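For reference, the chains in residue letters:
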Amino acid sequence: MSRFSLVNWLLVVGVVLLAAVPLVIGSDTEFAGADGVAVERIDESDYRPWFAPLFAPSPETASGLFAMQAAIGGGVLGYVFGVARTRRRNAPPPADPPA
């Protein structure tokens, strides 16, 4: 077995361990998100919102809007990286400094 192959297999084992160990260690705990805790704290207090939302979409629509926002952001980021790579690739080679 070559060194390259051994390193790849060790990386695969490491990734599997990183994914499996938290599931085994935390198997008896309840996973409560921060959003749930925040809602409970707000409900306990006498908080009153300053204004009402203009648009309250259904959960399915909100999920779709969030996915669309992520897709647009990924497209913009990919475009910026592509432009930067193309500019670097098409740039003239640096001139040798005078001696």
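Residues numbered from 1 in each chain as written. Predicted model: local features only at pLDDT ≥ 70, side-chain atom pairs only at ≥ 80, totals over all residues. Heavy atoms only, no water.

Enquirer: I tried to follow the overall build of the protein on my own but got confused; where do I start?
Expert: Looking only at helices and strands, the protein has 3 helices and 0 strands in total. Listed N to C, the secondary structure of the protein is α-α-α in terms of helices and strands. Against the compact-globule benchmark of 13 Å for 99 residues, the protein has a radius of gyration of 25 Å, which places it well outside the compact range. Principal-axis analysis of the C-alpha atoms gives the protein an extent of 75 × 45 × 30 Å. Within the protein, the proportion of its 99 residues that are buried is 1%. Accessible area for the protein stands at about 9800 Å²; split by element, carbon and sulfur atoms hold 68% of it. Placing the 7 positive and 9 negative side-chain charges of the protein at their respective mean positions leaves the two points 24 Å apart. (Helix = DSSP H or I, 4+ residues; strand = E, 2+ residues; numbered from the N terminus. Rg over C-alpha atoms; globule rule 2.2 N^0.38 Å. Buried < 20%, exposed > 50% of the residue type's maximum accessible area, 1.4 Å probe, protein only. Areas by Shrake-Rupley, 256 points an atom, 1.4 Å probe, with all protein chains shown as cover. Lys, Arg positive; Asp, Glu negative; His and termini not counted. Charge placed at Lys NZ, Arg CZ, Asp CG, Glu CD.)

Enquirer: Could you clarify how one ought to interpret the UniProt feature "transmembrane region" (unreviewed entry) in the protein in this entry?
Expert: According to UniProt, the "transmembrane region" (unreviewed entry) feature falls on residues 64-84. Across residues 64-84, helical content stands at 100% and strand content at 0%; the span's end C-alpha atoms are separated by 30 Å. (UniProt positions renumbered as here; feature names shortened; annotations may be inferred.)

Enquirer: Help me out: how do you make sense of the environment of A56 in this one?
Expert: Structurally, A56 can be placed in the loop between helix 2 (34-44) and helix 3 (59-90). A56 gets classed as exposed once you look at its relative accessible area, which sits at 66%. Separated by 20 residues in the primary sequence, A56 and G36 place their C-alpha atoms 19 Å from one another.

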